[in-house]
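# Overview (structure and organization)
As a plain string of letters, each chain reads:
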Amino acid sequence: MAKRTKQKPAYLDASLSADTRTRDLLRRMTLEEKVRQMSTRRIEDLAKEGPISAKTLSAFFGGQSIGCLEDARQAPADSAKAVNAVQKYLIEKTRLGIPAMVFCEGLHGLFSPGGTVFPQAIGLGSTFNTDLIERMAAVIAREARAVGVAQALSPDLDLARDPRWGRVEETYGEDPFLVARMGAAYVRGMQGPGPAVGPDKIVCTVKHFAAHGSPEGGVNLSPVAGGLRDLYTLYLPPFRAAVVEAGALCVMPAYSEYDGVPASASKLLLTRVLREQWGFRGYTFSDYGGIHQLHTFHKTAHSPAEAGAQALRAGMDL
């Protein structure tokens, strides 16, 4: 009698549609596994445990998968080696074998030793040259993909409308139309024509959604004053162009609050505008500590757990 072969789970069958595979995977996942897929670890924290080995990987991950992994700022060969080791562990040594989404900064070049450094964004904006921006983003994507990175925390689509703000240089300028054109070009260059991300492309994370560049007093985390008119005519057009026209797959909420509501807990921004009005099919990705700040800074949550719940209910994914 012929030996029966074990059938491959549907989520591992590349011949099936992404929706079919996703539904099958979600059905198999425990609540803890789903929560872990919403969280992030850093390769540099793994490096603190010593040389990467089966022992250090087991101690670091404990046989559990992780949603996202921040790439360390290492030389390209070392970075690729570390990412490969982690992905091999996650695929072969965890229950469902889900690889991590590896991300890195990429505002004006891959933020890693050996990466090509282009002019800062404010200088790029002064070129008024969208073709040049698209070509630059394609180069950043190729360099990032070569070391295992699949997502860049860029471009920055804030409007630099207060020169006191310390992050003016990260923006393309103060004009919504210019920033929209530059941002859409960047997304096309980094992700490709869509809807899928090609083999030499990576996911864009457009930030900071929304109105982060006009804080009171120019202080980075200060509230931003304004109403719906300013929101829809000034601050949202660059993001809309990136999402609706260029197909950006990831959106990062701002640290700040707009009209009294922190962006990381804003159902208006993360659900009604982004998903219901614009039809966004990607994922939202919090800024560093952005969710925790709902408890420690904005004081809208009485505990870190409640901060997480507020963000999740508003539409935060990772």
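About the thresholds
Residues numbered from 1 in each chain as written. Predicted model: local features only at pLDDT ≥ 70, side-chain atom pairs only at ≥ 80, totals over all residues. Heavy atoms only, no water. Phe/Tyr/Trp six-rings, centres within 6.5 Å; stacked < 30°, edge-to-face > 60°. Buried < 20%, exposed > 50% of the residue type's maximum accessible area, 1.4 Å probe, protein only. Lys NZ or Arg CZ within 6 Å of the ring centre and 35° of its normal. Axes fitted to C-alpha atoms, helices over the stretch in contact; angles between N-to-C directions. Helix = DSSP H or I, 4+ residues; strand = E, 2+ residues; numbered from the N terminus. Parallel < 35°, antiparallel > 145°, perpendicular 65-115°, else oblique. Left-handed = near helix turned anticlockwise from the far one by under 90°. Contact = heavy atoms within 4.5 Å. Nonpolar A, V, L, I, M, F, W, Y, C, P; charged D, E, K, R; others polar. Core = buried A, V, L, I, M, F, W, Y, C linked by side-chain atoms within 4.5 Å. Salt bridge = Lys/Arg side-chain N within 4 Å of Asp/Glu carboxyl O.

### What about the packing of aromatic side chains?
- A complete count under the given rule lists six aromatic pairs for this structure.
- Pairing Phe60 with Phe61 gives two aromatic rings, centres 4.9 Å apart and planes at 90°, and the pair type is edge-to-face.
- Judged by relative accessible area, Phe60 falls into the buried class, the value being 8%.
- Each member of the aromatic cluster is reached from another via a ring pair, and the members are Phe60, Phe61 and Tyr89.
- Above the ring of Phe60, the side-chain terminus of Arg41 is found at 3.8 Å from the ring centroid.

### A look at the packing of helix H8 (residues 176-191) against helix H10 (residues 237-245)
- Following both chains from N to C, one finds H8 and H10 inclined at 30°, their axes separated by 8 Å at the closest point. One way to sum up the angle between H8 and H10 is to call them roughly parallel. Here H8 and H10 pass one another in a crossing that is right-handed. Across the interface between the two elements, Pro176, Val179, Ala180, Arg181, Ala184 and Val187 from H8 touch Pro237, Pro238, Ala241, Ala242 and Glu245 from H10.
- When the residues that make up the contact of H8 with H10 are grouped by side-chain class, the tally is nine nonpolar, no polar and two charged.

### Some points on the nonpolar core
- Ranked by size, the top nonpolar core spans 67 residues in total, and within it Phe61, Tyr172, Tyr186, Met190 and Phe209 carry the most contacts.
- Counting residues per element, this core draws most heavily on H8, which supplies eight residues.
- Once residues within four sequence positions are removed from consideration, Tyr186 is found in contact with Gly106, Leu107, Ile133, Met136, Ala137, Ile140, Ser154, Pro155, Tyr172 and Cys204.
- Core analysis: the next-biggest nonpolar cluster, separate from the first, contains nine residues, Leu153, Cys250, Met252 and Leu318 among them.

### So, unusual backbone geometry
- With an omega of 10°, the peptide bond running from Ser154 to Pro155 counts as cis.
- Inspection of the secondary structure puts Pro155 in the loop between strand S4 (151-152) and H8.
- Positive phi outside glycine occurs at Asp259, with the angle close to 55°.
- Structurally, the position occupied by Asp259 is in the loop between strand S7 (257-258) and strand S8 (261-262).
- A positive phi angle, near 65°, is found at Lys299, a position not held by glycine.
- You can see Lys299 is positioned in the loop between helix H12 (293-296) and helix H13 (304-314).

### Concerning the pattern of salt bridges
- Scanning the entire structure with this criterion turns up 15 salt bridges.
- Linking Arg181 and Glu245 is a salt bridge whose minimum nitrogen-to-oxygen distance equals 3.1 Å. Separated by 64 residues along the polypeptide, Arg181 in helix H8 and Glu245 in helix H10 bring together distant segments of the chain.
- The exposure class of Arg181 is partly exposed, given its relative accessible area of 26%.

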